[in-house]
Amino acid sequence: MEFIKVTEQKEPFIALIELNRPKELNALNKQLMEEVRDALQVLDKNEKVRVIIITGNEQAFAAGADIKQMADKSAIEMLLVDQFSTWDQIRKTKKPIIAAVSGFALGGGCEFAMTCDMIIASETAKFGQPEIKIGTIPGAGGTQRLTRAIGKAKSMELILTGRFLSAEEAHFYGLVNKVVPKEMYMHEAIELAKEIAQLSPVAVQLAKEAVNRSYETHLDEGLAFERKNFYLTFASEDQKEGMQAFVEKRKADFKGR
Ligand code: HXC
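By convention here, each chain's residues receive numbers from 1 onward along its written sequence. Reporting of local features is limited, given that this is a predicted model, to residues whose pLDDT is at least 70; pairs of side-chain atoms are given and counted only at 80 or more, and all residues count toward the totals for whole chains, interfaces and linings. Hydrogens and water are ignored here; the side-chain numbers use all heavy atoms of the structure.

Caption draft 1: Molecular detail of the nonpolar core. In terms of nonpolar packing, the biggest core is built from 42 residues, with Leu19, Ile54, Phe61, Val101, Phe112, Phe127 and Leu175 touching the most fellow members. When residues in this core are grouped by element, the largest group, 6 residues, is from helix H1 (residues 30-45). What Ile54 contacts, discounting residues up to four positions off in sequence, is Ile17, Leu19, Leu40, Phe61, Ile97, Ile98, Ala99, Ala100, Phe112 and Cys116. Nine residue types can take part in a nonpolar core, namely buried Ala, Val, Leu, Ile, Met, Phe, Trp, Tyr and Cys, and a core is a set of them joined through side-chain atoms within 4.5 Å. Here's how the labels work: a residue is buried when its accessible area is under 20% of the maximum for its type, exposed when over 50%, partly exposed in between, all with a 1.4 Å probe on protein chains only. Secondary structure elements are defined from DSSP: runs of H or I of at least 4 residues count as helices, runs of E of at least 2 residues count as strands, and each element is numbered from the N terminus. Contact definition: two residues touch when any of their heavy atoms are within 4.5 Å.

Caption draft 2: Just the layout of surface pockets, in detail. In this structure, the largest pocket occupies an estimated 880 Å³ of space. A cavity here means a set of points on a 1 Å grid, drawn over the protein atoms and nothing else, where a 1.4 Å probe fits but cannot get out; a pocket is an open set with protein on both sides within 12 Å along at least five of seven lines, and a residue lines either one if it has an atom within 4 Å of a point. Met114, Cys116, Arg145, Asn212 and Tyr215 are, among the 36 residues lining the largest pocket, the residues nearest its centre. Listing elements by their share of the lining of the largest pocket, those giving two or more residues are helix H4 (86-91), helix H5 (108-115), strand S7 (118-122), helix H6 (142-150) and helix H10 (201-216). Per element, the largest residue contribution to the lining of the largest pocket is 7 residues, and it comes from H10. Among the residues forming the lining of the largest pocket, the class breakdown is 19 nonpolar, 10 polar and 7 charged. Lining the second largest pocket we find 25 residues, and of these Ala65, Met70, Phe84, Thr136 and Ile137 sit closest to its centre. For this scheme, ten residues count as nonpolar: Ala, Val, Leu, Ile, Met, Phe, Trp, Tyr, Cys and Pro. Four count as charged, namely Asp, Glu, Lys and Arg, and the remainder, Gly too, count as polar. For the lining of the second largest pocket, a count of residues per class yields 15 nonpolar, 6 polar and 4 charged. Grid points are joined across faces, edges and corners, and a volume is the space filled by probe spheres set on the points.

Caption draft 3: Seen up close, the site of the ligand. Throughout this document, a residue counts as near a molecule or strand when at least one of its heavy atoms sits within 4 Å of that molecule or strand. Looking at the ligand, there are 23 residues lining it, with Ala63, Ala65, Ile67, Lys68 and Gly108 nearest. We call two N or O atoms a polar contact when they sit within 3.5 Å, provided that within protein one can donate a hydrogen and the other can accept it, with sequence-adjacent residues counted only if both atoms are side-chain atoms. In this structure, an oxygen atom belonging to the ligand sits 3.0 Å away from a side-chain N or O atom of Lys68. Gly108 is positioned such that a nitrogen or oxygen atom in its backbone is 2.8 Å from an oxygen atom of the ligand. Per-residue and other accessible areas follow the Shrake-Rupley method at a 1.4 Å probe size, with only the shown protein chains counted as cover for residues. In isolation the ligand has 1000 Å² of accessible area, and contact with the protein removes 64% of it. Broken down by element, the residue count for the shell around the ligand peaks at 3 residues, all from helix H2 (residues 67-70). Considered class by class, the residues forming the shell around the ligand number 13 nonpolar, 4 polar and 6 charged.

Caption draft 4: Molecular detail of the pattern of salt bridges. Salt bridge, as applied in this entry: a Lys or Arg side-chain nitrogen positioned within 4 Å of an Asp or Glu carboxyl oxygen. As enumerated under the stated definition, the model contains 17 salt bridges in all. The salt bridge partner of Glu34 is Lys30, with a shortest N-O separation of 2.9 Å. With Glu34 and Lys30 both in helix H1 and 4 residues apart, the pair spans about one turn of that helix. Residue class for Glu34 comes out partly exposed when judged on its relative accessible area of 24%.

Caption draft 5: Molecular detail of the packing of H6 against helix H7 (residues 152-161). For helices, the axis comes from a line fit to the C-alpha atoms of the stretch in contact; other axes are also lines fit to C-alpha atoms, and the angle between any two N-to-C directions lies between 0 and 180 degrees. One way to put it is that H6 packs onto H7 with a least axis distance of 7 Å and a crossing angle of 140°. Considered as vectors, H6 and H7 are oriented oblique to each other. Crossing angle aside, the handedness with which H6 passes H7 is right-handed. From H6, Gly142, Thr143, Leu146, Thr147 and Ile150 reach across to H7, where they touch Lys152, Lys154, Ser155, Leu158 and Ile159. Of the residues assigned to the contact of H6 with H7, the class counts are 4 nonpolar, 4 polar and 2 charged. Under this scheme an angle from 65 to 115 degrees is roughly perpendicular, one under 35 degrees roughly parallel, and one over 145 degrees roughly antiparallel; angles in between are oblique. For any helix crossing, the convention is left-handed if the near helix is rotated counterclockwise from the far helix by under a right angle, and right-handed if that rotation is clockwise.

Below, the structure written as C-alpha cells:
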C-alpha cells in the first residue's frame with residue numbers, strides 16, 4: 001500500500017484507513033482509490049473488524065480527484081479506464097464506515113466522505129464541489145448525494161459556484177454528524193465507532209443496508225425491505241442475546257452470529 005495506511009485494530013473491533021498523499025492534499029488518484037477498495041474488501045471480511053474509520057490528515061481529507069492525472073485525458077480514455085467504477089465497490093462495503101474529516105473535502109474528496117455512512121468533522125473542515133471551476137462537474141455522486149444530504153437550493157449553489165461549505169454550515173445542513181475542535185475529531189470518530197462496535201454486527205449490517213435502501217427506492221419498497229431485514233435479525237443469536245439481556249437487566253454480549 002503506497003498511498004494509504006491501514007491499522008486493522010486501532011481499537012478492538014475498529015479499523016482505520018488513513019489516506020496518505022500529504023503533499024498532494026490526498027488527491028485521489030486511481031491507485032489510491034484501488035488501494036482503498038482492496039483494503040475495504042479485506043476489512044469487510046475480517047471478523048475482528050466491526051466499524052471502519054477513514055481519515056486524511058489535519059490539512060486535508062482529500063482535495064478531490066487527481067486533476068494532474070485527469071487533465072489530458074479524452075472522454076473515451078476516461079470511459080475505457082472507468083477509474084471511478086472502483087467507487088461502486090466501496091459503496092458495497094457492508095460494515096459501517098465513518099469519515100473523520102479535517103481540512104479540505106473537495107470534489108471527489110467530498111464525494112468520498114459522502115460515500116461513507118457518517119461524517120465527523122473538525123471545525124476546520126471545508127466541504128465543496130468545485131469541479132465547475134475547472135470546467136467539469138462532479139462525477140462520483142456529488143450531484144446526487146449532496147442534494148439528498150443538504151437539499152436542492154444549497155446543493156445547486158455549491159455545485160454551480162464551486163463555493164465551499166464550512167464545517168458549521170455543513171452541520172447546519174445535515175451533511176455531517178458532528179463538528180468538534182480539530183484536536184478532537186479522531187477521538188470523536190473513535191467514540192462513535194466504539195459505540196456501534198459494541199452492538200450486534202449482524203443487526204448493524206442489516207440496518208445499514210436498510211437505511212441505504214431509502215436512497216435507492218421509493219417508500220413502499222423501502223419499508224418492505226426494512227421489514228424483511230428486521231425479521232431476519234430474529235435468525236441471529238445476537239437478537240436472542242440482546243432481548244434476553246434486556247429482560248434479565250444485564251449488558252448484552254454480542255458475538256456477530
Ligand atoms: C492534484 C492537487 C489537487 C488535486 C491539490 N493538489 N489539489 N493535485 N489534484 N485535486 C496539489 C497542488 O497541485 C499542490 O501541489 C499541492 O496539492 C498543494 O496544493 P495548493 O493548491 O498549493 O494548496 P492551497 O493553496 O492551500 O490550496 C488548497 C486547495 C487547492 C484550495 C484545496 O489545492 C485546490 O483548489 N485544489 C483543487 C480542488 C478541486 O478542484 N477539486 C476537485 C477536483 S475534480 P504542487 O506540486 O503544485 O505544489 C474532482 C472530480 C471528481 O474531484 C470526479 C469523481 C471522483
